[in-house]
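Below are the chains, spelled out letter by letter.
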Amino acid sequence: MVHFKLFKNTNELPNTWDALPTCDIFLKKAFLSALEQSSPANIYSNYLCVYKAEKLVGIAVIQRVQMYTDDIFRNTSSNNLKFLGKKLFAKIVKGNALIIGNLMHTGQHGIFFLSEEISMEAYFKQLSQAIHQLKKVY
């Protein structure tokens with residue numbers, strides 16, 4: 001049976017996380033722990049573990065980003081037109097976003113699964129269910 005578990009910090013991650021045969025240093029617990037400690041205050045990390053029976057077969061980093069005016073525009077302007085434009089823009093994009101991967105790093109460093117153990121479809125189904133669960137929380 002395929003199922004998933006979500007974790008809020010790297011201290012909770014199972015030891016088998018780093019045992020997965022990924023050579024991606026950006027998915028290792030040491031890097032993710034450093035990322036947690038250095039991330040801006042508006043970014044919250046979640047970690048997905050996908051299991052087949054009790055064997056860890058897939059992982060993912062899912063980040064929640066709060067986007068509000070102060071986070072989008074850090075420099076203030078004395079120009080009233082610019083100020084009104086920024087306010088309008090901030091009303092459109094404010095809210096929360098769930099990002100699969102690492103918002104602070106480009107590239108494909110957010111997911112990994114054992115293709116010999118689980119199909120891509122089954123892995124992404126678990127990822128989708130985890131996102132729906134997180135949407136209810138946030």
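Here the structure is a predicted model, which means the values were calculated and not measured.

About the criteria used
Residues numbered from 1 in each chain as written. Predicted model: local features only at pLDDT ≥ 70, side-chain atom pairs only at ≥ 80, totals over all residues. Heavy atoms only, no water. Helix = DSSP H or I, 4+ residues; strand = E, 2+ residues; numbered from the N terminus. Buried < 20%, exposed > 50% of the residue type's maximum accessible area, 1.4 Å probe, protein only. Contact = heavy atoms within 4.5 Å. Areas by Shrake-Rupley, 256 points an atom, 1.4 Å probe, with all protein chains shown as cover. Phe/Tyr/Trp six-rings, centres within 6.5 Å; stacked < 30°, edge-to-face > 60°. Lys NZ or Arg CZ within 6 Å of the ring centre and 35° of its normal. Core = buried A, V, L, I, M, F, W, Y, C linked by side-chain atoms within 4.5 Å. Arc of directions from axis to C-beta. Expected span 1.5 Å × (residues − 1).

Peer 1: Would you mind going over the overall build of the protein chain with me for this structure?
Peer 2: The number of helices and strands found in the protein chain is five helices and five strands. When the helices and strands of the protein chain are read in sequence order from the N terminus, they spell out β-α-α-β-β-α-α-β-β-α. Within the protein chain, the fraction of its 138 residues that count as buried is 36%. Nonlocal contacts in the protein chain, meaning residues at least 24 apart in sequence, comprise 70% of its contacts between residues at least 6 apart. Here the protein chain has roughly 8600 Å² of accessible surface; of this, 58% comes from carbon and sulfur atoms.

Peer 1: How should I be thinking about the environment of glutamate 12 in this particular structure?
Peer 2: Turning to its location among the elements, glutamate 12 is positioned in the loop between β1 (2-7) and α1 (16-19). Between the C-alpha atoms of glutamate 12 and tyrosine 47, which are 35 residues apart in sequence, the distance is 9.3 Å.

Peer 1: Please explain the packing of aromatic side chains as it appears in this structure.
Peer 2: Between two aromatic rings, the relevant description is the distance of the centres plus the angle of the planes. In total, this model carries five aromatic pairs according to the counting rule given. Between tryptophan 17 and tyrosine 47 the ring centres are 6.0 Å apart and the planes differ by 90 degrees, which places this aromatic pair in the edge-to-face class. Of the two residues, tryptophan 17 is situated in helix α1 and tyrosine 47 in strand β2 (residues 43-52); the sequence distance between them amounts to 30 residues. Here tryptophan 17 matches tyrosine 47 in class, with each residue buried. Here the aromatic residues Phe113, Tyr123 and Phe124 are joined through ring pairs into a cluster of three or more. Just above the ring of tyrosine 51 sits the side chain of lysine 5; from NZ or CZ to the centre is 5.4 Å.

Peer 1: Quick question: what am I supposed to make of the side chain of asparagine 46 here?
Peer 2: With respect to the helices and strands, the residue asparagine 46 is situated in strand β2. What makes asparagine 46 buried here is its relative accessible area of 1%. Sequence-distant contacts of asparagine 46, that is, excluding residues within four places in its chain, are made with Phe7, Lys8, Ala60, Val61, Ile62, Leu134 and Tyr138.

Peer 1: Just to check I follow, could you spell out the nonpolar core for this structure?
Peer 2: Soluble globular proteins tend to pack their nonpolar side chains together in the buried interior. One finds Trp17, Tyr47, Cys49 and Ile59 to be the most contacted residues of the largest nonpolar core, which totals 15 residues. Within the residue set of this core, elements represented by two or more residues are α2 (29-38), β2 and β3 (55-67). The residues touching tyrosine 47, leaving out its near neighbours within four places in the chain, are Lys5, Leu6, Phe7, Lys8, Asn9, Thr10, Leu13, Trp17, Leu32, Glu36, Ala60 and Val61. Within the second largest apolar cluster, 12 residues are counted, among which are Ala60, Ile62, Tyr123 and Leu134.

Peer 1: How should I be thinking about α2 in this particular structure?
Peer 2: Residues spaced three or four apart along an α-helix face the same direction, because each turn holds 3.6 residues. Within α2, the full set of buried residues consists of Lys29, Leu32 and Leu35. Around the axis of α2, the buried residues are gathered within 120 degrees of arc, so they sit on the same side. Exposed positions of α2 whose direction lies more than 90 degrees from the buried face are Ala30, Gln37 and Ser38. Against α1, β2 and β3 lie the buried residues of α2.

Peer 1: What is the right way to read helix α5 (residues 120-137) from this model?
Peer 2: Over its 18 residues, α5 runs 26 Å from end to end, which matches the ideal 26 Å to within 8%, given 1.5 Å per residue. Residues of α5 that are buried: Tyr123, Gln126, Leu127, Ala130 and Leu134. Down the axis, α5 shows its buried residues gathered within 100 degrees of arc, on one side only. For α5, exposure combined with an orientation more than 90 degrees from the buried face picks out Glu121, Lys125, Lys135 and Lys136.

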